[in-house]
Each structure stands twice: as C-alpha cells, then as structure tokens.
Amino acid sequence: VSIYLLENPENFLIRQMLQSIDKLSVWEEQPNAFVIYPMPDINTVHSEFGPFLYKNQLIFTSARNEDLVNSNENSFNKEGYLTIFKATIEDENLRSVKKPKPFSTKWIGDYHVGPISIDTNNNKISFSKVKSSLSKKKVHYMRAYEADLIKGKRVRKERESIFNADSSSTGHTSISPSGNVVCFASDRAGSMDLYISQRQAGIWSDPKPIVELNTELNELFPYLKNDSTLLFSSNGHPGYGGFDLFQ
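Residues numbered from 1 in each chain as written. Predicted model: local features only at pLDDT ≥ 70, side-chain atom pairs only at ≥ 80, totals over all residues. Heavy atoms only, no water.

**Student:** So what's going on with the overall build of the chain? Which residues, and what values?
**Tutor:** Looking only at helices and strands, the chain features two helices and 16 strands. Counting over 247 residues, the chain shows a buried share of 42%. Looking at the chain alone, contacts between residues at least 24 apart form 40% of all its contacts between residues at least 6 apart. (Helix = DSSP H or I, 4+ residues; strand = E, 2+ residues; numbered from the N terminus. Buried < 20%, exposed > 50% of the residue type's maximum accessible area, 1.4 Å probe, protein only. Contact = heavy atoms within 4.5 Å.)

**Student:** I'd like a rundown of the sheet that holds strand 7 (residues 143–150), residues and numbers included.
**Tutor:** The four strands are arranged 5-6-7-8 in an open sheet whose pairing can be described as antiparallel. A single partner strand is all that each edge strand has here, and the edge strands are strand 5 (111–119) and strand 8 (154–160). Pairs of neighbouring strands in the sheet enclose a mean axial angle of 30°, with direction left out of account. Where strand 5 meets strand 6 (residues 124–131), seven bridges bridge the pair, whose relative direction is antiparallel. For His112, the partnering residue across the bridge sits in strand 6 and is Val130. (Pairing = 2+ DSSP bridges. Axes fitted to C-alpha atoms, helices over the stretch in contact; angles between N-to-C directions.)

**Student:** Any chance you could break down the pairing of strand 5 for me, citing the residues and the numbers?
**Tutor:** In regular strands, side chains alternate between the two faces of the sheet. Buried residues dominate strand 5, accounting for nine of its nine residues. Where strand 5 folds back onto strand 6 in an antiparallel hairpin, the turn is made up of four residues, including Asn123, whose phi is positive at roughly 55°.

**Student:** Mind laying out unusual backbone geometry, listing which residues take part and the relevant values?
**Tutor:** Cis rather than trans, the peptide bond between Gly114 and Pro115 has omega equal to 0°. Along the polypeptide, Pro115 turns up in strand 5. The backbone phi angle of Leu94 is positive, close to 60°, even though this residue is not glycine. Relative to the helices and strands, Leu94 resides in the loop between strand 3 (83–88) and strand 4 (101–102). In the Ramachandran plot, His172 falls in the positive-phi region, its phi being about 55° despite a non-glycine side chain. Inspection of the secondary structure puts His172 in strand 9 (residues 170–175).

**Student:** Got a sec to walk through the pattern of salt bridges? Specific residues and values, please.
**Tutor:** For the coordinates displayed, the defined rule picks out seven salt bridges. In this structure, Glu160 and Arg143 form a salt bridge, with 3.1 Å as the shortest nitrogen-oxygen distance. Here the residue Glu160 occupies a position in strand 8, and Arg143 occupies one in strand 7, the gap between them amounting to 17 residues. A relative accessible area of 38% means that Glu160 is categorised as partly exposed. We classify Arg143 as buried; its relative accessible area is 18%. Ionic pairing is found between Arg159 and Glu146, a salt bridge with its closest N-O pair at 3.3 Å. Here Arg159, found in strand 8, pairs with Glu146, found in strand 7; they are 13 residues apart in sequence, far enough to count as distant. Glu146 sits in the partly exposed class, given a relative accessible area of 30%. Because the salt bridges share partners, they merge into one network encompassing Lys124, Glu146, Asp148 and Arg159. (Salt bridge = Lys/Arg side-chain N within 4 Å of Asp/Glu carboxyl O.)

**Student:** Please set out the environment of Leu217 residue by residue, giving values where relevant.
**Tutor:** Tracing the backbone shows Leu217 in the loop between strand 13 (208–209) and strand 14 (219–224). As for Leu217 and Met192, which are separated by 25 residues in sequence, their C-alpha atoms are 7.1 Å apart. Beyond its immediate stretch of four places on either side in the chain, Leu217 contacts Phe12, Leu13, Gln16, Ser191, Met192, Asp193, Asn235 and Gly236.

**Student:** How would you sum up a positive patch on the surface? Please name residues and give values.
**Tutor:** Taken together, the side chains of Lys55, Lys106, Lys151, Lys153, Arg154 and Arg156 define a basic patch exposed on the protein surface. Within the secondary structure layout, Lys153 lies in the loop between strand 7 and strand 8. (Patch = residues over 30% accessible without salt bridge, like charges linked within 9 Å, V, L, I, M, F, W, Y side chains within 5 Å. Areas by Shrake-Rupley, 256 points an atom, 1.4 Å probe, with all protein chains shown as cover. Lys, Arg positive; Asp, Glu negative; His and termini not counted. Charge placed at Lys NZ, Arg CZ, Asp CG, Glu CD.)

**Student:** Give me the lowdown on the pairing of strand 8, citing residues and values where you can.
**Tutor:** In this sheet, strand 8 lies alongside strand 7 in antiparallel orientation, the contact comprising five bridges. The residue of strand 8 that forms the bridge with Leu149 is Val155. Counting the residues that bridge the hairpin from strand 7 to strand 8 gives three residues, and of these Lys151 lies at a positive phi of roughly 55°.

**Student:** I'd like a rundown of the packing of aromatic side chains, residues and numbers included.
**Tutor:** Tallied over the entire structure, the rule returns 10 aromatic pairs. Ring centres of Trp107 and Phe127 lie 4.7 Å apart, and the angle between their planes is 45°; this geometry places the pair in the tilted category. Here Phe127 lies in strand 6 and Trp107 lies in the loop between strand 4 and strand 5, a separation of 20 residues in the sequence. Here Trp107 and Phe127 have matching classes, each one buried. Aromatic pair Phe232 and Phe246: ring centres 5.7 Å apart, planes at 25°, arrangement stacked. Pair noted here: Phe232 is in strand 15 (residues 230–234) and Phe246 is in strand 16 (residues 244–246), with a separation of 14 residues, a long-range link. Relative accessible area serves as the criterion here: at 3%, Phe232 is assigned to the buried category. Here the aromatic cluster, defined as three or more aromatic residues joined through ring pairs, consists of Phe103, Trp107, Phe127 and Tyr145. One cation-aromatic arrangement involves Arg64 over Phe85; the distance from NZ or CZ to the ring centre is 5.1 Å. (Phe/Tyr/Trp six-rings, centres within 6.5 Å; stacked < 30°, edge-to-face > 60°. Lys NZ or Arg CZ within 6 Å of the ring centre and 35° of its normal.)

Written as structure tokens, this is what we have:
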C-alpha cells in the first residue's frame, strides 16, 4: 500500500486507509465510553436507523412497512419503503418500550420518508422524502421537507424546504435544540456533503458547506446536539471501514 501511495500520492482512498491503520492501535487501547446493546422491542429483520428522543418517545426510521406497489420491495435494496415510527419509552435506560406505531399515517405510501428532526421551539418538523416510480429510467432525488407539528402528534401543511437545490439530493435535516441552526446533507457539489445555515432575525442564511468536515466521499445523517456540537456519519474520515460515527 505504501509503495502504491508513493506512485499515486493524490489517491484519497489509499491515504485514508494508511491513516486508519496508523491510528488503529491507539483506538484499540482506549477504554470503551459506552455500553452498546440491541433493542429487541424495536429491531426487526428490516432496517431501523435515525433514532432520537422526543418527550417520552423514541422516534426512528424503519423499512418494516408493507409496500403494496412493489411487493414489499424497492429497487434500491429490496426492502419496504421507509417511514417514521414512534415508541413510548417505559424506562429511562430504553431497555423497554411499547410496540412502535407509525408517527403519521400521512407518510405511509409508495415513497421513502425519513429521517426526521423536530424543532420544539417553533413546533416544526423537518424530514426527507424520496418519491417512487414504476419506471426504472426516471431519477427521483431526495428532497427536504418541513411541516407544522400540532400538539406533538399531527403533521400539517407539508411543504418543500427552502434548502433544496435542482437536480440534486437534499435531506437528513437536523435542527438544533435552540431552533437557530440547521444542518443537512446534499450531493449538489458531487458526493454527499454537510451544509449548515443559521437563523438570524427569523431568516435563514444561505447554506454553506462545512469544509472542515466534508471529504471526497460521503458525510450523512447529521445530528445537532446543540448549536456548536455536531454528530455525523462518514466513510471519508479515518475509521474502521465503511461509515463510522464522528463528533
């Protein structure tokens, strides 16, 4: 690998691989900061991801719904269409939750919905949506949407986000707890990158790419813990391979 890098010094993947190998021994010596365990009340044979806590509920995205159009399969990964679910938390350690239910019946159809983010200060909800088509030649880009959230339950006045761009995908929107910072992923510049916008006097600034975090590969699923702390997934930073979680 090192010899190949000498001959191809601009190869991003090789440089990333060598950096990961160099750091692996350091990572292995670090104590575990968390205990990870499965959630049998949530997990199925289908995909579950994008979890976050809202009031006394666990909100997450899942492909467990039946797809009546394509025999429970979409053309990308042969799973059902994604939609949002909620499960009431029964203990503070999340070891027990009630049976998950759809967050909104409006989002059950022949299209993907999720993940979502909730602005509790302004009672707004942001989510990603990808429409479906029986034509394999037609391209449907992921689009960001927002809607009003009434009493924490009902979704009203769904509309496209101002952050969408033509002929590109935009989604995975995350709103900070203050409601003043938003981060999303988009491939408008090539690969999936992270963009950020701030609200000032009620107006969102033009979104800017986060150049310190974006790589030649993909950065996805941002989560704003607060106005200055961002978690995200990437396969472009040194890691264990594939998509890892970064802060």
